[in-house]
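Geometric and topological summary
Chain by chain, the residues:
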Amino acid sequence: MKKAADHTKPKRYGMVIDLDKCTGCGACMVACFAENNIPFKKDESEKLLSITWMRVYKLSNKKKYPDTDICYLPRPCMHCEGHEGHSPCVSVCPATVTDYSTETGIVSQIYTRCFGCRYCMAACPYHARYFNWWDPVWPKGMEKMLSPDVSVRMRGVVEKCSFCYHRYQRAKDKAYVEGRTDVEEEEYQTACTQACPARAITFGDLNNPKHKVYELKQDPHAFRLLERLGTNPKVYYVSSREWVRKSGDNYLKHEEPGHIATKH
Amino acid sequence: MFPGFFEWIWDGGHMLFMGGLWYALGIIGLGLTYCIFKAAIETAQGDGEGHGHGDEHH
Amino acid sequence: MDSALIPKGVQRCSLGKFTLLIAVVGAVLLWGVYAMLLCWIKGLNQTNMNDYYGFALWIWADLAVIALGGGAFFTGFLKYIVGKDELKNIINYAVLIGFICYSSALLILAIDIGQPLRGWFIFWHANVHSMLTEVAFCLSCYFAVLTIEYIPLILENRQLNKVPFFHHLAHNMHGIMAVFAATGAFLSFFHQGSLGGVSGVLFGRPFGYREGVFVWPWTFFLFTWSAAAYGPSFTLMCTKILEKASGKQLVKDNVVDLLAKISGWMILTYIIAKIADTLYWALVTAPARGHTLMDFYSNNPVYGIWILVLEIVLGGIIPAIILVVPGTRRNGYLRMTAIILGVIGVSVNRWVMVLQVMAVPVMPFDFWAMYYPSWQEVATTILPVAYGIILIALSYRYLPIFPQEPELNPVD
């Protein structure tokens, strides 16, 4: 498998999310639930126990009318690269359950190997990792609607956004059958990207100049969440509003975003 | 845990970690084996009251 | 009725009274076992942990008992390696407490993991770069060492010691105990440190993250140091509790004084290092990530700056001074106050390094998450305490734990 991958240039799949376009409709969250067999409970009012691989946060500039402004921020797993693949969660997992792929830049999770120590959850500052506090219970008949490409998770293990990795596998299979070695941009798109009615989410290979994300990430208004921590995430956000960009990281009173040197 | 297992990589971290681990396990194992064998031999030799009790103990 | 099992030259309460004690504590133990079974059968939804609190009361309890159980390795190190021979009069009890603490820690870990039947994956699929892997390996190995240190004590029971093989085995194990003690000190250095590293390496969590040397953050060394400093204090506290419970002096004053003095100096040096670490973190590490010190201690209902004062001043500086100054150390009341403050101090440190790390929001638009444990978590945390009391009671009754007891309490 390694040898086959050597033929192609390493990829760094990532996202660019235009926060000025996001309406907070939540279609990305719903699409993610359906695509990835995400379990849910009858009562989902306690959000700290809800599994939402893609979660839309509501940000506010905390100003009074007429200056009040809000912003919706979709937050998938950031698939942090850290320093040479030393992402916060990958380095701490004691059983090598989670891995940073140098071929795709995707942080994976082997559910059947996870024994539920939750150290990775403690390590993730984005709260992108979720624990299965219960076994999944599907409404009657719904188990027939589950995606056969994504394994359902059992109680006691951690799960998170995989950038719909099964779609990448499917696209690779298709390319192989057609005698190609590479996957085209449109052949591998995440469910949330395709579901977004405002087209706020763009997905692709950040290393590939032919992919839209390559250019979008270089927007002067592009930023990443908590860059100063050195997590080196692969999800970029774009917003023309300064307060939104400033909400992406922590700053001391005298500091201005954009003037802080980050490690990556 | 053992070389040859799935995903085993012989890097510096592994050598240090596993070296320390097997060194400690080796000492514990050898020490215990020594005690048990010596006790078995002494028992077989009937050296029941050969040494004072409580002097060097504790 | 059980007098044949009780060590020679000492007096114990009646079997009826003893049984009553065991029954009362045993009831608490069963309550804990019931909660433990609930967690195993129904899962971790029995707890109040959530996706913001992946680590909570149990991990705190784990870190705290391992720090407090540090008395075993450090007293062993002082007795067998440094050569402080007087400590032979308290080493058995230190080993017993260490054994209880470490077995409890392993039990709590077995309850804490989401898939207990896969617990062995941590050994099988070991990621040697994870602090938790090092903790698991060293903890298990050191528990084996503690068991080896505890076995000869059991074999010294009056009846068991009549069996020639057991008698020889106990003698031989005592003979090479220095080797085991040295191995224990080596393992303890690493697992105590790795427990400190658990939060220290979390570069995504500015409250816990620390710089360091090579792969080890400063918390690695601080945790080892604090366990060696406060562990002996906990041993002394447990000795005092047992002396109160039995109504007898069990260890001579000079031994208590020596261990208290060593603990005091260790706490003093530790707290200086801890203050230096806190200053560097508050002035350099956290600001480099956009945080001020007060970001971590404000805008929430619980974690105020008082917790830092409690940990460093009340739980560090004050006990260190009391235990280092001979006049105050020799005052029994002040000594015990210092020891209790120290035990609280190290427990608060472990709480902060687990729970507060989880509570502090990192994303600017996130919030402080608060947590209180469920009864199942409380019961399973009390379970090891009940188990510890029972094991101490049984060991004290039937094993020669305190060599000075017959001399201090002659039987007519």
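From a predicted model like this one, the values you see are computed outputs, not experimental measurements.

So, about the overall build of chain B. For chain B, the helix and strand inventory stands at one helix and zero strands. Expressed as a percentage of the 58 residues in chain B, the buried residues total 26%. Just so you have it, chain B exposes about 3,700 Å², and 69% of that area is on carbon and sulfur atoms.

Along its length, chain A carries eight helices and 10 strands. Taken over the C-alpha atoms alone, chain A extends approximately 50 × 45 × 40 Å along its principal axes. Going through the 264 residues of chain A one by one, you find that 58% of them count as buried. Computing the positive centroid from 40 side-chain charges and the negative centroid from 32, chain A places the two 4 Å apart.

Next up on the list: the environment of C:Val25. Assignment of secondary structure puts C:Val25 in helix α1 (residues 15-42). For C:Val25, the contacting residues outside a window of four places in its chain are C:Ala386, C:Ile389 and C:Ile390.

Once that is clear, we can look at the interface of chain A and chain C. Facing 56 residues of chain A, the contacting portion of chain C comprises 50 residues. For the pairing of chain A and chain C, the buried interface totals around 4,400 Å² over both sides, and the portion due to carbon and sulfur atoms is 59%. In terms of surface lost to chain C, no three residues of chain A exceed A:Leu48, A:Phe115 and A:Tyr119, which account for 17% of the buried area on that side. The tally of links from chain A across to chain C stands at one salt bridge. Note that C:Asp112 is salt-bridged to A:Arg118, the shortest N-O span being 2.9 Å.

On to unusual backbone geometry, then. Residues and elements named next belong to chain A. In this structure, the amide linkage connecting Tyr65 to the following residue, Pro66, adopts the cis form with an omega of 10°. With respect to the element layout, Pro66 can be found in the loop between β2 (55-60) and β3 (70-75). Its identity as a non-glycine residue notwithstanding, Thr96 has a phi of 50°, on the positive side. Take Thr96: it is sitting in the loop between α3 (88-92) and β4 (98-100). With relative accessibility at 23%, the residue Thr96 sits in the partly exposed group. Positioned with a positive phi, Leu226 is a non-glycine residue whose angle comes to about 55°. With respect to the helices, strands and loops of the structure, Leu226 is situated in the loop between β9 (222-223) and β10 (235-238).

This next bit is on the pattern of salt bridges. Counted by the stated rule, this structure contains 26 salt bridges over all chains. Across the pair C:Asp277 and C:Arg210 runs a salt bridge whose closest N-O atoms are separated by 3.0 Å. Of the two residues, C:Asp277 is situated in helix α10 (residues 253-285) and C:Arg210 in the loop between α8 (177-200) and β1 (212-213); the sequence distance between them amounts to 67 residues. Accessibility expressed as a relative area gives 8% for C:Asp277, which makes it buried. One network of salt bridges, with partners in common, ties together A:Lys174, A:Glu178, A:Arg180 and A:Glu187.

Right, let's get into the nonpolar core. Counting 204 residues, the largest nonpolar core has A:Tyr119, A:Tyr126, A:Phe163, A:Tyr188, A:Tyr237 and C:Tyr93 as its most contacted members. Apart from residues lying up to four places away in sequence, A:Tyr188 is in contact with A:Tyr13, A:Ile106, A:Phe163, A:Cys164, A:Tyr165, A:Arg167, A:Tyr168, A:Ala171, A:Val183 and A:Phe203.

What follows deals with the sheet that holds strand β1 (residues 13-18) of chain A. Residue and element names in this part refer to chain A. One open sheet accounts for four strands, arranged β8-β1-β10-β9; its pairing is mixed. Both edges of this open sheet fall to β8 (201-205) and β9, since each of them pairs with a single strand only. Here four bridges tie β1 to β10, and the two strands are oriented parallel to one another. Residue pairing across strands places Ile17 opposite Tyr237, the latter belonging to β10.

Right, let's get into the confidence of the model for chain A. This prediction gives chain A a mean pLDDT of 93; 94% of its residues lie at or above 70. For the stretch residues 1-6 of chain A, pLDDT sits under 50, and the model shows two contacts to residues farther than four places along the chain or on other chains.

Among the surface-exposed residues, B:Leu16, C:Val213, C:Phe214, C:Val215, C:Trp218, C:Ile275, C:Leu279, C:Tyr280, C:Leu283 and C:Val284 lie close enough to one another that they form a single nonpolar patch of about 990 Å² accessible area. The leading source of residues in the nonpolar patch is α10(C), at five residues. Take B:Leu16: it is sitting in helix α1 (residues 12-44).

All names here are of chain C. Contact pair helix α6 (residues 131-155) / α8: the axes reach a minimum separation of 8 Å and the direction vectors enclose 150°. In terms of orientation, α6 lies roughly antiparallel with respect to α8. The way α6 lies across α8 gives a crossing that is left-handed. When α6 is examined against α8, the residues Met131, Leu132, Glu134, Val135, Cys138, Leu139, Cys141, Tyr142, Val145, Ile148, Glu149 and Pro152 are found in contact with a partner set consisting of Met177, Phe180, Ala181, Gly184, Leu187, Ser188, Phe190, His191, Ser194, Leu195, Gly197 and Val198. Among the residues making up the contact of α6 with α8, the classes are represented as 17 nonpolar, five polar and two charged.

Residue and element names in this part refer to chain C. For helix α11 (residues 306-324), built from 19 residues, the straight-helix expectation of 27 Å at 1.5 Å per residue is met to within 8% by its first-to-last C-alpha distance of 25 Å. Roughly 25° is the biggest bend found in α11, and it falls at Val313. Those residues of α11 lying buried are Ile307, Leu308, Glu311, Ile312, Gly315, Gly316, Pro319, Ala320, Ile322, Leu323 and Val324. Contacts made by the buried residues of α11 are with α9 (218-246), α10, α12 (326-329) and α13 (332-359).

Confidence in the prediction of chain B, expressed as mean pLDDT, is 76, and 64% of residues score 70 or more. The low-confidence segment residues 52-58 of chain B (pLDDT under 50) makes 16 contacts with residues lying over four places distant or belonging to another chain.

Before going further, it helps to spend a moment on the packing of aromatic side chains. For any two aromatic rings, the description comes down to two numbers: the centre-to-centre distance and the angle of the planes. With the rule as written, the count across this model stands at 46 aromatic pairs over all chains. Ring centres 6.1 Å apart and planes at 80° place the aromatic pair C:Phe18 and C:Tyr398 in the edge-to-face group. Here C:Phe18, found in helix α1, pairs with C:Tyr398, found in helix α14 (residues 375-398); they are 380 residues apart in sequence, far enough to count as distant. The class for C:Phe18 is buried, based on a relative accessible area of 8%. Seen in terms of ring centroids, C:Phe214 and C:Trp216 are 5.7 Å apart; in terms of plane orientation they differ by 75°. Their pairing is edge-to-face. Taken together through their ring pairs, the aromatic side chains of B:Tyr23, C:Phe186, C:Phe189, C:Phe190, C:Phe214, C:Trp216, C:Trp218, C:Phe220 and C:Phe221 make up a single cluster. Note that A:Arg118 overlies the ring of A:Phe131, its terminal NZ or CZ placed 5.2 Å from the centroid. Across the ring face of C:Tyr396, the terminal group of C:Arg12 is positioned such that the distance to the ring centre comes to 3.7 Å.

Our next topic: helix α5 (residues 165-177) of chain A. Because an α-helix completes one turn every 3.6 residues, residues spaced three or four positions apart along the sequence face the same direction. Residues and elements named next belong to chain A. For α5, with 13 residues, the first-to-last C-alpha span of 19 Å sits near the 18 Å given by 1.5 Å per residue. The complete set of buried residues in α5 reads His166, Arg167, Tyr168, Ala171 and Ala175. Those residues of α5 that are buried lie in contact with β1, α2 (27-35) and α6 (191-195).

Rules behind the numbers
Residues numbered from 1 in each chain as written. Chains lettered and ligands numbered in written order. Predicted model: local features only at pLDDT ≥ 70, side-chain atom pairs only at ≥ 80, totals over all residues. Heavy atoms only, no water. Helix = DSSP H or I, 4+ residues; strand = E, 2+ residues; numbered from the N terminus. Buried < 20%, exposed > 50% of the residue type's maximum accessible area, 1.4 Å probe, protein only. Areas by Shrake-Rupley, 256 points an atom, 1.4 Å probe, with all protein chains shown as cover. Lys, Arg positive; Asp, Glu negative; His and termini not counted. Charge placed at Lys NZ, Arg CZ, Asp CG, Glu CD. Contact = heavy atoms within 4.5 Å. Buried area = accessible area lost by both parts, 1.4 Å probe. Salt bridge = Lys/Arg side-chain N within 4 Å of Asp/Glu carboxyl O. Core = buried A, V, L, I, M, F, W, Y, C linked by side-chain atoms within 4.5 Å. Pairing = 2+ DSSP bridges. pLDDT = per-residue confidence, 0-100. Patch = residues over 30% accessible without salt bridge, like charges linked within 9 Å, V, L, I, M, F, W, Y side chains within 5 Å. Axes fitted to C-alpha atoms, helices over the stretch in contact; angles between N-to-C directions. Parallel < 35°, antiparallel > 145°, perpendicular 65-115°, else oblique. Left-handed = near helix turned anticlockwise from the far one by under 90°. Nonpolar A, V, L, I, M, F, W, Y, C, P; charged D, E, K, R; others polar. Expected span 1.5 Å × (residues − 1). Bend = angle between axes of the 7 residues up to and from the residue. Phe/Tyr/Trp six-rings, centres within 6.5 Å; stacked < 30°, edge-to-face > 60°. Lys NZ or Arg CZ within 6 Å of the ring centre and 35° of its normal.

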